[in-house]
Amino acid sequence: MMTENLVTRLEQMTQDTAKGHLKWNIEIRTSEYRLLAEKPVVEADGKQWMVDEIYVDYHCVYHKEEFAMITYENVETSGDEVRSTNMVYLPPLGVRCFNMDRLAPYAVQTSASCMQAVHQLWETILAVRKQNPQQIMINANES
């Protein structure tokens, strides 16, 4: 799927989610809450960077078709500095994993507008879940 098409679809899905028309199943895997001693550290630019990884698997039925998207964020922290890398994958329904090597063939070329659309969808999902928990199922685990 072209990035522009994905942005349009995500914007439509965000509107439909806000209106209560879509039910989402979300699975999250994150290393964010691990003990500091358990987090990987990389050296780059002459600094030590602590790494957190966050995968979010989005799934819903949209216009009678199943939609699956997995996002990945790599957040590196060194003191007060934070940098991140974001990826978006559109795997077939049979590929629901949290492994970048397996997801690589399904990567989408992202843009600022694409990442904004993903972020807006995420914010909408969280807001709707507060109002109607039955519409949004979230399962979060440590990776």
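Right above here is the structure, for reference.
These numbers come from a predicted model, not from an experiment.

Peer 1: Outline the nonpolar core, supporting the account with residue identities and numerical values.
Peer 2: Grouped together as the largest cluster of nonpolar side chains are 27 residues, with contacts concentrated most on L10, M13, W24, I26, Y58, F67 and M69. Elements represented by at least two residues in this core include exactly α1 (3-18), β1 (24-30), β3 (47-62), β4 (65-78) and α3 (112-131). Examining the composition of this core, we find that seven residues originate from one element, α3, more than from any other. Judged by nonpolar contacts, the second largest core, of seven residues, contains Y55, I70, Y72 and Y89.

Peer 1: Give me the lowdown on α1, citing residues and values where you can.
Peer 2: Because each turn of an α-helix spans 3.6 residues, side chains separated by three or four positions end up pointing in the same direction. Its 16 residues place the ends of α1 22 Å apart at the C-alpha level, agreeing with the 22 Å of an ideal helix rising 1.5 Å per residue. Within the sequence span of α1, burial applies to T3, L6, V7, L10, M13, T14 and T17. Down the axis of α1, the sector holding all buried residues measures 130 degrees, keeping them to one side. Looking at the buried residues of α1, the elements they touch are β1, β3, β4, β5 (81-89), α3 and β6 (136-142). A positive phi of about 85 degrees marks G20, the residue just after α1.

Peer 1: Requested: an account of unusual backbone geometry, with residues and values cited.
Peer 2: Trans is the common state for peptide bonds, and a negative phi is the common state for residues other than glycine. A positive phi angle is found at D45, which is not glycine, with a value near 55 degrees. Mapped onto the elements, D45 comes out in the loop between β2 (41-44) and β3. Since its relative accessible area comes to 61%, D45 is described here as exposed.

Peer 1: Please give an account of the packing of aromatic side chains that cites residues and values.
Peer 2: Applying the stated rule across the entire model yields five aromatic pairs. On the numbers, 6.1 Å between centres and 80 degrees between planes, the contact of W24 with Y58 is edge-to-face. One end of the pair, W24, is in strand β1; the other, Y58, is in strand β3, and 34 residues separate them in sequence. No difference in accessibility class separates W24 from Y58, as the two residues are buried. Among the aromatic side chains, those forming a connected cluster through ring pairs are W24, Y58, F67 and W122. Cation over ring: R83 sits above W49, and NZ or CZ is 4.0 Å from the ring centre.

Peer 1: How would you explain the pattern of salt bridges if you had to name every residue and give the values?
Peer 2: Across all of its chains, the model carries six salt bridges by this definition. Taking the shortest distance from any N to any O, the salt bridge between E27 and R29 comes out at 2.7 Å. Residue R96 is joined to D57 by a salt bridge in which the shortest nitrogen-to-oxygen separation is 3.0 Å. One end of the pair, R96, is in the loop between β5 and α2 (100-103); the other, D57, is in strand β3, with 39 residues separating them in the sequence. Residues participating in the shared-partner salt-bridge network are D45, E76 and R83.

Peer 1: Go over the pairing of β1, please, and point to the residues and values.
Peer 2: Residues of β1 alternate between two faces, with W24, I26, I28 and T30 buried on one and N25, E27 and R29 left unburied on the opposite face. Sheet analysis places β1 next to β3, joined by seven bridges and oriented antiparallel. Along β3, the bridge assignment pairs T30 with I54.

Conventions and cut-offs
Residues numbered from 1 in each chain as written. Predicted model: local features only at pLDDT ≥ 70, side-chain atom pairs only at ≥ 80, totals over all residues. Heavy atoms only, no water. Core = buried A, V, L, I, M, F, W, Y, C linked by side-chain atoms within 4.5 Å. Buried < 20%, exposed > 50% of the residue type's maximum accessible area, 1.4 Å probe, protein only. Helix = DSSP H or I, 4+ residues; strand = E, 2+ residues; numbered from the N terminus. Expected span 1.5 Å × (residues − 1). Arc of directions from axis to C-beta. Contact = heavy atoms within 4.5 Å. Phe/Tyr/Trp six-rings, centres within 6.5 Å; stacked < 30°, edge-to-face > 60°. Lys NZ or Arg CZ within 6 Å of the ring centre and 35° of its normal. Salt bridge = Lys/Arg side-chain N within 4 Å of Asp/Glu carboxyl O. Pairing = 2+ DSSP bridges.

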